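Summary of structural features
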Amino acid sequence: MIATILGWFFFILAGFFAVLGTFGVLFMPDVYSRLQAGALSGTTAVVSLLIGSIFWVDPGPLTGRLVVLLLFFLVSSPTATHIIGRYAWRERIVPWRGAR
């Protein structure tokens, strides 16, 4: 019963982060801000979804696979975001400086 409630909590949290990240990507002013908003909310949404799935399934081999996926995503998503941001910087895309 508690595991089901925790699973639903993390599923709802994942949906919240996904929607919030979509608004961030749509309304941020430059590439770097959009990249940060999308990456942060995307990572937290997927991590919340995987944690909710861990609570949802019965303990066993599937739980171990979900933990491995969680750890892989925690490493690969920020790394990919860093690579994209670094490429944007090398292409001399100027960050937004604010209203002048």
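The structure contained in this document is the topic of the report that follows. (Residues numbered from 1 in each chain as written. Predicted model: local features only at pLDDT ≥ 70, side-chain atom pairs only at ≥ 80, totals over all residues. Heavy atoms only, no water.)

Next up on the list: the overall build of the protein chain. What the protein chain contains, in helices and strands, is three helices and zero strands. Overall, the protein chain shows an N-to-C arrangement of helices and strands of α-α-α. Taking 2.2 N^0.38 as the reference for a compact globule, 100 residues should give roughly 13 Å; the C-alpha atoms of the protein chain span a radius of gyration of 17 Å, well beyond that estimate. Here the C-alpha coordinates of the protein chain stretch approximately 55 × 25 × 10 Å along the principal axes. In the protein chain, of all internal contacts separated by at least 6 residues, the share reaching a separation of at least 24 is 69%. (Helix = DSSP H or I, 4+ residues; strand = E, 2+ residues; numbered from the N terminus. Rg over C-alpha atoms; globule rule 2.2 N^0.38 Å. Contact = heavy atoms within 4.5 Å.)

Before going further, it helps to spend a moment on the packing of aromatic side chains. Within the structure shown, the criterion is met by eight aromatic pairs. Ring centres of Phe9 and Phe10 lie 5.3 Å apart, and the angle between their planes is 70 degrees; this geometry places the pair in the edge-to-face category. Phe10 sits in the buried class, given a relative accessible area of 17%. Measuring from centroid to centroid gives 6.3 Å for Phe23 and Phe27, while their planes differ by 15 degrees, and the two rings are stacked. With Phe23 and Phe27 both in helix α1 (residues 2-27) and four residues apart, this pair spans about one turn of that helix. (Phe/Tyr/Trp six-rings, centres within 6.5 Å; stacked < 30°, edge-to-face > 60°. Buried < 20%, exposed > 50% of the residue type's maximum accessible area, 1.4 Å probe, protein only.)

The next subject is the packing of helix α2 (residues 31-56) against helix α3 (residues 61-90). The N-to-C vectors of α2 and α3 enclose an angle of 175 degrees; their axes lie 10 Å apart at closest approach. Between α2 and α3, the crossing angle belongs to the class labelled roughly antiparallel. Across the contact of α2 with α3, the residue classes tally to 18 nonpolar, seven polar and no charged. (Axes fitted to C-alpha atoms, helices over the stretch in contact; angles between N-to-C directions. Parallel < 35°, antiparallel > 145°, perpendicular 65-115°, else oblique. Nonpolar A, V, L, I, M, F, W, Y, C, P; charged D, E, K, R; others polar.)

The grouping of Met1, Ile2, Ile5, Leu6 and Phe55 at the surface amounts to a nonpolar patch, some 530 Å² of accessible area in total. Among the elements that line the nonpolar patch, the one with the most residues is α1, at three residues. In this fold, Met1 is placed in the segment before α1. By relative accessible area, Met1 is classed as exposed at 77%. (Patch = residues over 30% accessible without salt bridge, like charges linked within 9 Å, V, L, I, M, F, W, Y side chains within 5 Å. Areas by Shrake-Rupley, 256 points an atom, 1.4 Å probe, with all protein chains shown as cover. Salt bridge = Lys/Arg side-chain N within 4 Å of Asp/Glu carboxyl O.)

Inspection of the secondary structure assignment puts Asp30 in the loop between α1 and α2. A polar side-chain atom of Asp30 sits 2.9 Å from the main-chain amide nitrogen of Trp96. Sequence-distant contacts of Asp30, that is, excluding residues within four places in its chain, are made with Pro95 and Trp96. (Polar contact = N/O pair within 3.5 Å; in protein donor to acceptor, adjacent residues only side chain to side chain.)

A separate point is the packing of α1 against α2. What describes two packed helices is the angle between their axes and the distance between those same axes. Close contact between α1 and α2 brings their axes to 8 Å; oriented N to C, the two are set at 165 degrees. Taken together, the axes of α1 and α2 are roughly antiparallel relative to one another. When the axes of α1 and α2 are compared, the crossing they make is left-handed. Of the residues contributing to the contact of α1 with α2, the split by class is 16 nonpolar, ten polar and one charged. (Left-handed = near helix turned anticlockwise from the far one by under 90°.)

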